[in-house]
Amino acid sequence: MKEELIRRFVSYAEMDTQSSEDSETCPSTPGQMVLAHKLAEELQELGLTEITVDEHAYVMASLPANTDKEVPVIGFLAHLDTATDFTGTNVKPQIVENYDGQDLVLNEAQNIIMSTKSFPELTGYKGHTLITTDGTTLLGADNKAGIAEIMTAMAHLLAHPEIKHGKIRVAFTPDEEIGRGPHKFDVAAFGASYAYTVDGGPLGELEYESFNAAAAKISFHGVNVHPGTAKGKMIHSSKIAMAFHLRLPAGEAPEFTDGYEGFYHLISMQGSAEHSKLHYIIRDFDREQFEHRKSNIAAIVEEFKSTYGADNIVLEMNDQYYNMREKIEPVRHIVDIAREAMEGLGITPVIRPIRGGTDGSQLSYMGLPTPNIFTGGENFHGKFEYASVDVMLQAVQVIVEIARLAEHKA
């Protein structure tokens, strides 16, 4: 199983499937459709049924039940795309057998080193097989580790018919990293009572709380005049944008917050004297505080409009997803099944809020309650991303055990 899992993951990771917020299509990039069809072919080879790939790169398939019991249909999901924060082109995964617990040289030529000082959790993976980047791209363990684990779990269940299970649905979705993953997902066609995204991080993660999330884009329009004659005429939009950012609470940013603390995060900025734009994401677990954060942004915009002119500042703000806890608490048994599956395998569940979002955040509000389980990846979205194959194998076992327990408890 180990070699099969590595082979699958590496083949997916090498494909460029970064999504793009600048695209209006779904999927937002063509590489996602290429991976979708590849997965459909592999599902066919495995022997799954009801395999579909729609025009938006949503892949669905079924593993038929092998029990006479009436068992609720359960689902497992992962997303096709990788993050936009760092390049995902020309990914070259590196396999480190029996990791020695020391600093890892990712790229000798460019002197790119992943140190245990900067990443102290690395030492906990001593003896593991790790898959890393070559220091020039992200890895894509988020979420191709989840894809590989679901595929490997389905292969294992097919090879071991003595493990009884109900009907299982699997799905692979586009554009999760830009918040659009479930936008065209057909919950009725998927036909599951509940599901799990395999989209978490370290061993034992089990999450059913997510941020409430919004995005805000603020455009600033100025007046550019030759600097030699600019006095009293120039209105420098970039300086207005910088002043706007300084009005937000400095400590309420990702680099200063954890646990249940929310934040404002400046995703990007572009600017000149004439035109500038700030792009933020707004996050909070508490709905009331979430609304307060949005109101604060809007209030500062209104203040700046009164100073610099109503036509010179434009706010676009929209909600992206909400805390899925509200929809999962009434069906808490689906979290308990995953917890019991982990404990039965000797894994200590780490139940904590997701400081981010998964497709499950939106799917839970679409009628498909969907907690999140670990994949074995660390340092997502950057060049120091890596995954432990040992933990990935445990994720496969958890998927299999959830399927078994769901049948056993029916």
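Reading guide: rules and limits
- Residues numbered from 1 in each chain as written.
- Predicted model: local features only at pLDDT ≥ 70, side-chain atom pairs only at ≥ 80, totals over all residues.
- Heavy atoms only, no water.
- UniProt positions renumbered as here; feature names shortened; annotations may be inferred.
- Helix = DSSP H or I, 4+ residues; strand = E, 2+ residues; numbered from the N terminus.
- Rg over C-alpha atoms; globule rule 2.2 N^0.38 Å.
- Buried < 20%, exposed > 50% of the residue type's maximum accessible area, 1.4 Å probe, protein only.
- Contact = heavy atoms within 4.5 Å.
- Areas by Shrake-Rupley, 256 points an atom, 1.4 Å probe, with all protein chains shown as cover.
- Lys, Arg positive; Asp, Glu negative; His and termini not counted.
- Charge placed at Lys NZ, Arg CZ, Asp CG, Glu CD.
- Pairing = 2+ DSSP bridges.
- Axes fitted to C-alpha atoms, helices over the stretch in contact; angles between N-to-C directions.
- Expected span 1.5 Å × (residues − 1).
- Arc of directions from axis to C-beta.
- Salt bridge = Lys/Arg side-chain N within 4 Å of Asp/Glu carboxyl O.

- If you look the chain up in an unreviewed UniProt entry, it shows as Peptidase T from Paenibacillus rhizoplanae.
- Quoted verbatim from the Catalytic activity (unreviewed entry) field of the UniProt record, the comment on the chain reads "Release of the N-terminal residue from a tripeptide."
- UniProt's Function (unreviewed entry) comment on the chain is quoted here verbatim: "Cleaves the N-terminal amino acid of tripeptides."

Structural notes on the overall build of the chain
- Counting secondary structure elements, the chain contains 10 helices and 18 strands.
- Its C-alpha radius of gyration of 23 Å places the chain within 12% of the 22 Å reference for a compact globule of 410 residues.
- Seen through its principal axes, the chain has C-alpha atoms that stretch 80 × 50 × 40 Å.
- With 410 residues in all, the chain has 54% of them scored as buried.
- The long-range share in the chain, meaning contacts at least 24 apart out of those at least 6 apart in sequence, stands at 79%.
- In the form shown here, the chain has an accessible surface area of approximately 17400 Å², with 50% of it arising from carbon and sulfur atoms.
- Across the chain, the centroid of the 34 positively charged side chains sits 3 Å from that of the 59 negatively charged ones.

Considering the UniProt feature "binding site: Zn(2+) 2" (unreviewed entry) in the chain
- In this numbering, the UniProt entry assigns the feature "binding site: Zn(2+) 2" (unreviewed entry) to Asp 142, Glu 177 and His 381. Maximum C-alpha separation among the annotated residues is 9.9 Å over a sequence range of 240 residues, consistent with a single clustered spot.
- Residue placement: Asp 142 occurs in helix H3 (residues 141-159).
- Excluding residues within four positions of it along the chain, Asp 142 makes contact with His 79, Asp 81, Thr 82, Glu 177, Asp 199, Phe 380, His 381 and Glu 385.
- Locating Glu 177 in the fold gives a position in the loop between strand E8 (168-173) and helix H4 (187-190).
- Sequence-distant contacts of Glu 177, that is, excluding residues within four places in its chain, are made with Ser 19, His 79, Asp 81, Thr 82, Ala 83, Asp 142 and His 381.

Quick notes on the sheet that holds strand E18 (residues 386-388)
- The four strands are arranged E4-E7-E18-E17 in an open sheet whose pairing can be described as antiparallel. Both outer strands of the open sheet, strand E4 (94-96) and strand E17 (377-378), are each paired with one neighbouring strand and no more.
- Pairing geometry for strand E7 (residues 130-132) and E18, over three bridges, is antiparallel. Looking at E18, one finds that Thr 132 is bridged to Tyr 386.
- The strands touched by helix H10 (residues 389-408) within the sheet are E7 and E18, with E18 carrying the most contacts at an inclination of about 60°.

A word on helix H6 (residues 287-308)
- With 22 residues, H6 extends 32 Å between its outermost C-alpha atoms, agreeing within 8% with the 32 Å of an ideal straight helix rising 1.5 Å per residue.
- Those residues of H6 lying buried are Phe 290, Arg 293, Lys 294, Ile 297, Ile 300, Val 301 and Phe 304. Buried residues along H6 cover an arc of 120° about the axis, so they all sit on one side. More than 90 degrees from the buried face of H6, the exposed residues found are Glu 288 and Ser 306.
- The elements touched by buried residues of H6 are strand E11 (212-221), helix H5 (237-246), strand E12 (263-271), strand E13 (275-284) and strand E14 (313-321).
- Taken from the residues just after H6, Gly 309 is the one with a positive phi, measuring 110°.

Concerning helix H2 (residues 30-46)
- Between the first and last C-alpha of H2 there are 25 Å, a value that for 17 residues agrees with the 24 Å anticipated at 1.5 Å per step.
- Within H2, burial applies to Gly 31, Gln 32, Met 33, Leu 35, Ala 36, Leu 39, Ala 40, Glu 42 and Leu 43.
- Close packing links the buried residues of H2 with helix H1 (2-13), strand E1 (49-53), strand E2 (59-63), H3 and E8.
- One or two positions beyond H2, positive phi appears at Gly 47, with a value near 110°.

Focus: the pattern of salt bridges
- Using the criterion set out here, one finds 22 salt bridges in the structure.
- Between Glu 252 and Arg 293 there is a salt bridge; the shortest N-O distance is 2.7 Å. Of this pair, Glu 252 sits in the loop between H5 and E12 while Arg 293 sits in helix H6; the two residues are 41 residues apart in sequence, bridging distant segments of the chain.
- Arg 293 sits in the buried class, given a relative accessible area of 7%.
- The partner of Arg 404 in a salt bridge is Glu 401, with the nearest N and O atoms 2.7 Å apart. Taken together, the residues span about one helical turn, with Arg 404 and Glu 401 both in helix H10 at a distance of three residues.
- Take Glu 401: its relative accessible area is 16%, and that puts it in the buried class.
- The structure contains a network of salt bridges with shared partners spanning Glu 209, Arg 325, Glu 329, Arg 332, Asp 336, Arg 339 and Glu 343.

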